[in-house]
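Topology and contacts: notes
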Amino acid sequence: MANVKKKILMIICDGMGDRPVPELDGKTPLQAANTPNLDKLATIGKNGMMSTLGHGVIPGSDTAHLALLGYDPHKTYSGRGPFEAGGIGLDLLAGDIAFRVNFSTVDENMTVIDRRAGRITEGTDKLADALDGMTIEDVQIIIKAGVEHRAALVLRGSGLSPNVGDTDPHELNTKVLEAKPLDADAKAEKTATILNEFTKKSYEILDVHEVNVKRKADSQQPANIVLCRGAGAMPKIQLFSEKFGLKGAAIVGIPLVKGLCRIIGLDTIEVEGATGSANTNLNGKVEASLTALEDHDFVFLHFKGADALAHDFDAQGKVRFLEDVDKALAPIIDGLDEKLIVAFTADHSSPIVTGEHSADPVPLVIAGGGLRIDNVTKFDEISASQGSLGNLTGSDLLPMLLGLGGWRKMYGA
Ligand code: ZN
Ligand code: ZN
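Every chain is numbered independently, its residues counted from 1 as its sequence is written. Chain letters and ligand numbers both follow the written order, the letters beginning at A and the numbers at 1. Reporting of local features is limited, given that this is a predicted model, to residues whose pLDDT is at least 70; pairs of side-chain atoms are given and counted only at 80 or more, and all residues count toward the totals for whole chains, interfaces and linings. To obtain the side-chain values, all non-hydrogen atoms of the structure were included, while hydrogens and water were left out.

Notes on the side chain of Thr-280
Just so we agree on the cut-off: Secondary structure elements are defined from DSSP: runs of H or I of at least 4 residues count as helices, runs of E of at least 2 residues count as strands, and each element is numbered from the N terminus. With a 1.4 Å probe rolled over the protein chains alone, any residue whose accessible area is under 20% of its type maximum counts as buried; one over 50% counts as exposed, and the rest are partly exposed. Residue contacts follow a heavy-atom distance rule, with two residues in contact if any of their heavy atoms lie within 4.5 Å.
For Thr-280, the location among the structural elements is in the loop between strand 10 (267–268) and helix 11 (282–295). The exposure class of Thr-280 is buried, given its relative accessible area of 11%. When sequence neighbours within four positions are dropped, the list of residues in contact with Thr-280 reads Gly-273, Ala-274, Thr-275 and Lys-285.

Quick word on unusual backbone geometry
In the Ramachandran plot, His-170 falls in the positive-phi region, its phi being about 60° despite a non-glycine side chain. By the secondary structure assignment, His-170 is in the loop between strand 7 (150–156) and helix 7 (186–207). Judged by its relative accessible area of 42%, His-170 is partly exposed. A positive phi angle is found at Ser-219, which is not glycine, with a value near 60°. In this fold, Ser-219 is placed in the loop between helix 8 (210–217) and strand 8 (225–233).

Digging into the environment of Gly-17
Secondary-structure assignment places Gly-17 in the loop between strand 1 (7–13) and helix 1 (29–32). Along the backbone, Gly-17 and Ala-359 are 342 residues apart, and their C-alpha atoms lie at a distance of 9.8 Å. Not counting residues within four places of it along the chain, the set of residues in contact with Gly-17 comprises Lys-318, Ala-346, His-348, Ser-349, Ser-350, Pro-351, Val-362, Pro-363 and Glu-381.

Some thoughts on the domain arrangement of the protein chain
A common way to state how big an interface is: give the accessible area lost once the parts meet. Just so we agree on the cut-off: Where each domain starts and ends comes from a domain assignment, either automatic or drawn from a database. Once two parts are joined, some of their accessible surface, as seen by a 1.4 Å probe, is lost; buried area is that loss totalled over both. Definition used for salt bridges: Asp or Glu carboxyl oxygen within 4 Å of a side-chain nitrogen of Lys or Arg. As used in this structure description, the phrase polar contact means that two N or O atoms lie within 3.5 Å; if the pair is within protein, one of them must be able to donate a hydrogen and the other to accept it, and residues adjacent in sequence are counted only when both atoms belong to side chains. Each residue receives one of three labels: charged for Asp, Glu, Lys and Arg, nonpolar for Ala, Val, Leu, Ile, Met, Phe, Trp, Tyr, Cys and Pro, and polar for the others, Gly being one of them.
Parsing the protein chain into structural domains produces domain 1 (7–77 + 236–404) and domain 2 (83–232). Listed per partner, the contact involves twelve residues of domain 1 and nine residues of domain 2. Between domain 1 and domain 2 the total buried area reaches about 830 Å² when both faces are included, carbon and sulfur atoms providing 69% of it. On the domain 1 side of the interface with domain 2, the three residues burying the most area are Pro-255, Leu-256 and Arg-262, jointly 51% of the side's total. For the interface between domain 1 and domain 2, the tally reads one salt bridge. Linking domain 1 with domain 2 are three residue pairs in polar contact (both at pLDDT 80 or more). The set of elements that each furnish at least two residues to the side of domain 1 that touches domain 2 consists of helix 3 (61–68) and helix 10 (255–263). In terms of residue count, helix 10 provides more of the side of domain 1 that touches domain 2 than any other element does, seven residues in total. Looking at the side of domain 1 that touches domain 2 residue by residue, the classes come out as six nonpolar, two polar and four charged.

Right, here's the structure in full:
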């Protein structure tokens, strides 16, 4: 029989992995949660553990997702700026230097009064427009507003470097930082100079902008400066379709991961009510992924909630969220057949007890596609460790799925 290629659905539950939680009688949130659908997936699939960036490495969400999507983070990553910028819809070119930025409030001495400008919700697009398109020396300034006080800044020009420090002091009642070059290269020096000039201009232009004149009159904090952090250079990156030969789509709420998906050329599908937090539209995202599978070979589905709840030390919330994910995934798991391979896993662990990402491996299940199964019947960290997949790294996952799905050529004759 000819080799029939199978479609692939990769589902990432961000920060799902955990450790024993005292509040949950020593169980992990996955062990404590009632997850009949995930348990079914484990039963009809093969299971194992995965360290996304290799053993002992504590993954960031961005670097972990690069590995999961088949890219080497050591070659493609210099900071989260480009992914955040891509996530709010900026189109970047290789070599662009991108930053995450806030519209913030400073006084006339450049002391930071409010990093979120009174949680401004309206008018930031006008503020961004007032700065967008200016040039400093030979460098073009591109800025686009995101949600609330957030925005992305791109410096486009020759001789720039991502090795510059932040202008955001990350603290209140502190002066705006002068961006410093982080190495001795003239490029870092030039980039720091441009960034400092931009920061000064942002204050001059925004402090008198009509949006802020009105805010001051209404006794609201003016959004009168742009504070930058997280510089990164846009990598030269091969499109997913060219690299692997599959047409892909992504359903993702949070800008960081959405931007990464856009940059590698996955079709990012918007879902109403997809917030990138625990109160997201889970059913809508699942439905959208099933629809996307009709005309894509590879679909990437991402849920953020578990990670956010772990950062908030919310054990019960994380258990409830995992149960909600379990319910939402029923249509995928019930409909699983030979034509589709599903992988369900996490980008890293986020233990409740620490409230931070950790290097603990995450559970992984691969099911469907008429593939072999193992004896595991529950989906959690302890059960999965008994499975046939053993201990993988994140960079194993996509090649493995492509091989199982019939997307790779024979090596040899
Ligand atoms: Zn993450
Ligand atoms: Zn996190």
